[in-house]
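So you can see what is in the structure, the chains are spelled out below.
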Amino acid sequence: MGLAVTGSKAVVSRTQGDLDDMLKGDGKLMQAYFPAVRAGLRVPQNNEFDPNRDANDSRINPHFYDKLHFGALTLDGQGVPHYGPFAITLRTEMISNRATLFEENPVKFNEDHPPGRNKPVPYGYRSVWDERNKLAMAKLQPKIDPETADSEFADLLLEKTDAPDGFSDFIEVHIYGDVHPRAFEHIMAEVPQDDLDKLLWDRMKGRLNHFGISYQENAT
């Protein structure tokens, strides 16, 4: 498992509209959640996540949590389904020196390790990019035995279930600073069924070629 994860990538999942907007012209920067809310470009939802995002994320990454993009670690290019049907693999050389890894989604982590006075985040749940294999081995060791096939590692590292509660299990990637389409390496797309969305996707494929981004289409 550890050897396999040394070749893992960071993937962020977005909607078709988000991806289309980023590919326009010479490319637009990917919107991170907190800057978009502060600028009035995104409206927080009254759901089980958004009202507590500041508290959850600031505990894990105090002082700079609002400058982060959040992704997942992947071995097969697939992302977290409920974040969007277009999984964007980022170029390692463009994010490795500003990315850290955290064992799981901060919301779930804080539920299992409640914050409190004099209770900082315990050690052992994060790593720098080049040691992500160690974090994966520490987390997933209980799920691996001598019968586990190499082909199972991708699904152990990142669950492929479209969990309605938003708690698919994965190792979260925290990327500091701006992300431009030039940092996109590959798109794994769930091809839309709507005719207008298909036309939009066909147009987007030309933009992907412009930026040198490869893609794979998966039928829904």
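Please refer to the structure placed before this passage.
All of the points below concern the structure found in this document.

What counts, and at which threshold
- Residues numbered from 1 in each chain as written.
- Predicted model: local features only at pLDDT ≥ 70, side-chain atom pairs only at ≥ 80, totals over all residues.
- Heavy atoms only, no water.
- Phe/Tyr/Trp six-rings, centres within 6.5 Å; stacked < 30°, edge-to-face > 60°.
- Helix = DSSP H or I, 4+ residues; strand = E, 2+ residues; numbered from the N terminus.
- Buried < 20%, exposed > 50% of the residue type's maximum accessible area, 1.4 Å probe, protein only.
- Lys NZ or Arg CZ within 6 Å of the ring centre and 35° of its normal.
- Pairing = 2+ DSSP bridges.
- Axes fitted to C-alpha atoms, helices over the stretch in contact; angles between N-to-C directions.
- Contact = heavy atoms within 4.5 Å.
- Core = buried A, V, L, I, M, F, W, Y, C linked by side-chain atoms within 4.5 Å.
- Salt bridge = Lys/Arg side-chain N within 4 Å of Asp/Glu carboxyl O.

1. Some words on the packing of aromatic side chains
Two aromatic rings are characterised by how far apart their centres lie and by the angle between their planes.
(1) Moving on: The final tally for this structure, using the stated rule, is eight aromatic pairs.
(2) Moving on: Both rings, one in Phe-34 and one in Tyr-65, keep their centres 5.0 Å apart while their planes meet at 85 degrees; by these two values the pair is edge-to-face. With Phe-34 in helix H3 (residues 33–38) and Tyr-65 in the loop between helix H4 (53–60) and strand S2 (68–74), this pair connects stretches of sequence that are 31 residues apart. In this structure, Phe-34 and Tyr-65 share a single accessibility class: buried.
(3) Moving on: Following the ring pairs from residue to residue traces out a cluster consisting of Tyr-33, Phe-34 and Tyr-65.
(4) Moving on: Over the ring of Tyr-33 we find Arg-53, and its NZ or CZ is 3.8 Å from the ring centre.

2. Section: the sheet that holds strand S7 (residues 184–191)
(1) Moving on: Sheet architecture is open: eight strands sit in the order S5-S4-S6-S2-S1-S3-S7-S8, paired in mixed fashion. Edge strands, defined here as strands with exactly one partner in the open sheet, are strand S5 (126–128) and strand S8 (214–219). Between one strand and the next, the sheet's axes are offset by a mean angle of 30 degrees, whatever the strand orientation.
(2) Moving on: Where strand S4 (residues 99–102) and S5 come together, three bridges link them in antiparallel fashion. Directly across from Thr-100, in S5, lies its bridge partner Val-128.
(3) Moving on: Most of the contacts of helix H9 (residues 195–210) go to S8, to which it runs at about 155 degrees, and overall it touches strand S3 (86–90), S7 and S8.

3. What to know about the environment of Leu-135
(1) Moving on: With respect to the helices, strands and loops of the structure, Leu-135 is situated in helix H7 (residues 132–140).
(2) Moving on: For the pair Leu-135 and Glu-103, spaced 32 residues apart in the sequence, the C-alpha separation amounts to 7.1 Å.
(3) Moving on: When neighbours within four sequence positions are excluded, Leu-135 is seen to be in contact with Leu-101, Phe-102, Glu-103, Gly-124, Tyr-125, Arg-126, Ser-127 and Ile-171.

4. Points about the nonpolar core
Generally speaking, soluble globular proteins have nonpolar side chains that are buried together.
(1) Moving on: Counting residues in hydrophobic clusters, the biggest one holds 36 residues, and the most contacted among them are Leu-19, Ile-88 and Phe-184.
(2) Moving on: When residues of this core are assigned to their parent elements, the largest contribution, four residues, is made by S7.
(3) Moving on: What Phe-184 contacts, discounting residues up to four positions off in sequence, is Leu-19, Met-22, Met-30, Ile-88, Thr-89, Leu-90, Arg-91, Val-179 and Ile-213.
(4) Moving on: Ranked by size, the runner-up nonpolar core spans seven residues in total, among them Val-11, Ala-72, Val-80 and Leu-158.

5. Describing the pattern of salt bridges
(1) Moving on: Summed over all chains, the structure comprises twelve salt bridges.
(2) Moving on: As a salt-bridge pair, Lys-143 and Asp-169 come within 3.4 Å of each other at their nearest N and O atoms. On the criterion of sequence distance, the pair formed by Lys-143 in the loop between H7 and helix H8 (153–157) and Asp-169 in the loop between H8 and strand S6 (172–176) is long-range, its members being 26 residues apart.
(3) Moving on: What emerges from the salt-bridge pattern is a single network uniting Asp-20, Lys-24 and Arg-203.

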